[in-house]
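# Structural features, examined
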Amino acid sequence: MSSSTADVKNWMHMFRWIVKLIRDEYGIDEKQLIRTAVLETDLGLSLEQVERVLEFVSDSFEIRFPDGTLDEVLRLEELCLVASWLKGFYKRPPFIGLQYETACRALNPGASTEV
């Protein structure tokens, strides 16, 4: 997997980048890769595949997802918003819990403080 992140400047670009990643790596039709798609059930990704997507996003954007991410992130849109927040492209997603937020901020000082 190798895809440039140079053009990713906001959460919409991040969403598109992640869609392309999942499409190209796992052969999932883009028609299925909608915002509300649940990563495991709707897209048919295994837990290991979802973890690999998180690793690739983490490595590509130099962000870190803390333990418990898969308890907070179930849908494609949630993954995009959390990754965008950790990178500093978006405000803190309202759906994440306080403990998770604290863990994220400890690992990612660039995460926005806006709610």
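What comes next concerns the included structure. It should be emphasised that the depicted structure is a prediction, and the values quoted were computed from it without experimental measurement.

What counts as what
- Residues numbered from 1 in each chain as written.
- Predicted model: local features only at pLDDT ≥ 70, side-chain atom pairs only at ≥ 80, totals over all residues.
- Heavy atoms only, no water.
- Helix = DSSP H or I, 4+ residues; strand = E, 2+ residues; numbered from the N terminus.
- Rg over C-alpha atoms; globule rule 2.2 N^0.38 Å.
- Buried < 20%, exposed > 50% of the residue type's maximum accessible area, 1.4 Å probe, protein only.
- Areas by Shrake-Rupley, 256 points an atom, 1.4 Å probe, with all protein chains shown as cover.
- Lys, Arg positive; Asp, Glu negative; His and termini not counted.
- Charge placed at Lys NZ, Arg CZ, Asp CG, Glu CD.
- Salt bridge = Lys/Arg side-chain N within 4 Å of Asp/Glu carboxyl O.
- Contact = heavy atoms within 4.5 Å.
- Core = buried A, V, L, I, M, F, W, Y, C linked by side-chain atoms within 4.5 Å.
- Expected span 1.5 Å × (residues − 1).

### Quick word on the overall build of the chain
Along the backbone of the chain there are five helices and zero strands. The C-alpha atoms of the chain give 13 Å as radius of gyration, which agrees with the globular expectation for 115 residues (13 Å, within 12%). Relative to its full complement of 115 residues, the chain shows a buried share of 40%. Carbon and sulfur atoms make up 48% of the accessible area of the chain, which amounts to about 6400 Å² in all. If the 13 positive side-chain charges of the chain are averaged to one point and the 19 negative ones to another, these points end up 8 Å apart.

### Notes on the pattern of salt bridges
In total, this model carries eight salt bridges according to the counting rule given. With a shortest N-O distance of 3.4 Å, Glu101 and Arg92 are connected by a salt bridge. Both residues of the pair, Glu101 and Arg92, belong to the buried class. Between Glu101 and Arg105 there is a salt bridge whose closest N-O contact spans 3.0 Å. With Glu101 and Arg105 both in helix 5 (residues 98-107) and four residues apart, this pair spans about one turn of that helix.

### Quick notes on the environment of Ser3
Take Ser3: it is sitting in the segment before helix 1 (11-26). According to the relative accessible area criterion, Ser3 is partly exposed, its value standing at 40%. As for Ser3 and Val57, which are separated by 54 residues in sequence, their C-alpha atoms are 10 Å apart. If sequence neighbours within four positions are ignored, Ser3 has contacts with Trp17 and Phe56.

### As for the nonpolar core
Of all hydrophobic cores here, the largest spans 34 residues; its most connected members are Ile18, Ile22, Val57 and Phe65. Secondary structure elements with two or more residues in this core: helix 1, helix 2 (47-61), helix 4 (76-87) and helix 5. Excluding anything up to four places from it in sequence, Ile22 contacts Gly27, Ile28, Leu33, Leu39, Leu45, Val53 and Leu76.

### What to know about helix 4
A rise of 1.5 Å per residue sets the reference length of helix 4, with its 12 residues, at 16 Å; its end C-alpha atoms lie 17 Å apart and thus fit the reference within 8%. Most of helix 4 is tucked away: 10 of the 12 residues are buried. Those residues of helix 4 not exposed but buried are Leu76, Glu78, Leu79, Cys80, Leu81, Val82, Ala83, Ser84, Trp85 and Leu86. Here the buried face of helix 4 lies against helix 1, helix 2, helix 3 (69-72) and helix 5.

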